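Commentary on secondary and tertiary structure
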Amino acid sequence: MQVVFDKADVPALILAKEWTNLRKELFGTVSTILDSAEPLIGTPTLDYDSVGLNFYDSGKLSLDRDYFNPAHKDSGTLTILVRSSEACDGLEIADLRSTEKIDSEAIGREANFIPVPAVAGEVIVLAGTRLQRLLGKAKVRACVHRVCRPTQGSDKHQRLSLTIFCGPPMK
Ligand SMILES: O=C(O)CCC(=O)C(=O)O
Ligand SMILES: [Fe+2]
């Protein structure tokens, strides 16, 4: 038996089409805000996205670990982040003005970190190292971020987040 799909009905293709339109709008806005003539999408190399799903469970985090996810930069152009909506879920970003350090680990030790409380319906957009490379450090710096062990809520805190990593990762 042969099953024939109408492409217009395949959910993954519908989603891909929606995402392509959204991506175009998002990068157009970012280019305008950053006054960039540099293409950020629209070439086969740049039009690369990958999706990540993170499940964090503080019950499974060993006691000597303070972070679900230690200080790091994402390596693409932009990261779109959606997370479960508890007010203080441990996400923090580094204030890069508070340190001269360059690498994520040193920034993680030295910088002041700013908590990012979750707001219902929000979508967070983080700059990655490829965006910094394309536009120059004077215009944009890759966001150093981390997810701490949450201090609020029950001991068995669980957290879910979804990321779309746009652009090919830097090596
Ligand atoms: O879970 C989060 O809020 C952040 C996840 C993250 O930084 C990553 O997957 O690169
Ligand atoms: Fe990240």
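Residues numbered from 1 in each chain as written. Chains lettered and ligands numbered in written order. Predicted model: local features only at pLDDT ≥ 70, side-chain atom pairs only at ≥ 80, totals over all residues. Heavy atoms only, no water.

In the nomenclature of an unreviewed UniProt entry, the chain is known as Fe2OG dioxygenase domain-containing protein of Penicillium frequentans.

Let us look at the state of the cysteines. Within this structure, the stated rule accounts for zero disulfides. With no disulfide of its own, cysteine 166 lies closest to cysteine 143 among cysteine sulfurs, the gap being 14 Å. (Disulfide = S-S within 2.5 Å.)

This brings us to the sheet that holds strand S7 (residues 145-148). Sheet architecture is open: four strands sit in the order S2-S7-S4-S5, paired in antiparallel fashion. Of all the strands in the sheet, just strand S2 (67-72) and strand S5 (112-115) have a single pairing partner and so form its edges. For this sheet, the mean inter-axis angle between neighbouring strands, taken without regard to orientation, is 30 degrees. Bridge count for strand S4 (residues 91-95) against S5 is four bridges, and the pairing is antiparallel. For isoleucine 93, the partnering residue across the bridge sits in S5 and is isoleucine 114. (Pairing = 2+ DSSP bridges. Helix = DSSP H or I, 4+ residues; strand = E, 2+ residues; numbered from the N terminus. Axes fitted to C-alpha atoms, helices over the stretch in contact; angles between N-to-C directions.)

What follows concerns the coordination of the iron ion (ligand 2). Donor atoms from the polypeptide that coordinate the iron ion (ligand 2) comprise His72 (NE2), Asp74 (OD) and His145 (NE2), at 2.1 to 2.3 Å from the metal. Look at where the donors of the iron ion (ligand 2) fall in the sequence and you get H-x1-D-x70-H. One exposure class covers both histidine 72 and aspartate 74, and it is buried. (Donors = N, O, S within 2.8 Å, 3.2 Å for Na, K, Ca; no water. Buried < 20%, exposed > 50% of the residue type's maximum accessible area, 1.4 Å probe, protein only.)

Right, let's talk about the pattern of salt bridges for a bit. Counted according to the given criterion, the structure contains ten salt bridges. Taking the shortest distance from any N to any O, the salt bridge between glutamate 122 and arginine 83 comes out at 3.0 Å. Note that glutamate 122 is positioned in the loop between S5 and strand S6 (124-127) and arginine 83 in strand S3 (residues 78-83), a separation of 39 residues in sequence. Notably, a salt bridge pairs aspartate 89 with arginine 159, separated by 2.9 Å at the nearest N-O pair. Highlighted residues: aspartate 89 in the loop between S3 and S4 and arginine 159 in strand S8 (residues 158-166), separated in sequence by 70 residues. We note that aspartate 89, like arginine 159, is buried. Within this structure, Arg83, Asp89, Glu122 and Arg159 form a network of salt bridges that share partners. (Salt bridge = Lys/Arg side-chain N within 4 Å of Asp/Glu carboxyl O.)

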